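Analysis of the macromolecular model
Here is what each chain is made of, one letter per residue.
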Amino acid sequence: MEYIKETLKSEYDKQYLSISSDWREFAGKSKAQNIVEITAGLSFIRVLEVGAGDGSILKHLGNWNFAAELYAVEISETALEKLKNKNIINLKEAKLFDGYKIPYPDKYFDLVILSHVLEHVEFERLILREIKRVGKYVVIEVPRDYKPKVDKRVEHFLSYGHINVYTPATLKFLIKSEGFGVLKE
């Protein structure tokens, strides 16, 4: 079953051609630091980033020797090309995927990272079930887009692909209703 519309894939490809890689590197470092902090005390051999974009997060995690093996799945061919050209330390594999079916066996990864992806996903429960299937631990990060009168900013959010908006409570409800536990926030 094809879940992601071709027009959506095309829009994400365009974003990776137009948005500054300096900005992505800066944001990637901050997100990677958050991942390191939230997983403090745990160690990982295999780590997968779902919706890895151009690899900005993985690049920092690789530089910091966060895990022995890093993996990526991404829907955008343009982003995947950029990721592969970064020479990320410990990157074992980077694959194109359909946005929902992760091409790895059950519990293959010690950690799955879903950073600033869920707000773009039309069928969010499907991807949550997949990351739960392939990962032992999961880090999920979404932007705090929800503000009073969020409904007045729909066009703004849609302009960069945000089709879901979460509060801390609605995100927690979503992930708990899919059987995840919350270890740290």
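Residues numbered from 1 in each chain as written. Predicted model: local features only at pLDDT ≥ 70, side-chain atom pairs only at ≥ 80, totals over all residues. Heavy atoms only, no water.

1. Here's the deal with the sheet that holds strand 5 (residues 135-141)
Pairing in this open sheet of five strands is parallel, and the strands run 3-2-1-4-5 from one edge to the other. Single-partner strands in this sheet number two, and they are strand 3 (91-96) and strand 5. Within the sheet, the average angular offset between the axes of one strand and its neighbour, ignoring direction, is 20 degrees. Pairing of strand 4 (residues 109-115) with strand 5 involves six bridges; the strand directions are parallel. Bridge pairing in strand 5 places valine 112 opposite valine 138. Contacting strand 2 (67-74) and strand 3, helix 4 (residues 77-84) crosses the sheet at an angle of about 165 degrees to strand 3. Packing of helix 5 (residues 124-134) onto the sheet brings it into contact with strand 1 (44-50), strand 4 and strand 5, and relative to strand 5 it is tilted by some 140 degrees. (Pairing = 2+ DSSP bridges. Helix = DSSP H or I, 4+ residues; strand = E, 2+ residues; numbered from the N terminus. Axes fitted to C-alpha atoms, helices over the stretch in contact; angles between N-to-C directions. Contact = heavy atoms within 4.5 Å.)

2. Section: the nonpolar core
Ranked by internal contacts, the top residues of the largest apolar core, which has 25 residues, are Leu48, Val50, Ile102, Leu118, Ile127, Leu128 and Ile131. Secondary structure elements with two or more residues in this core: strand 1, strand 2, strand 4, helix 5 and helix 7 (168-177). When residues in this core are grouped by element, the largest group, four residues, is from helix 5. With residues near it in sequence (within four places) discarded, isoleucine 127 still touches Val50, Phe97, Gly99, Tyr100, Ile102, Leu118 and Val121. (Core = buried A, V, L, I, M, F, W, Y, C linked by side-chain atoms within 4.5 Å. Buried < 20%, exposed > 50% of the residue type's maximum accessible area, 1.4 Å probe, protein only.)

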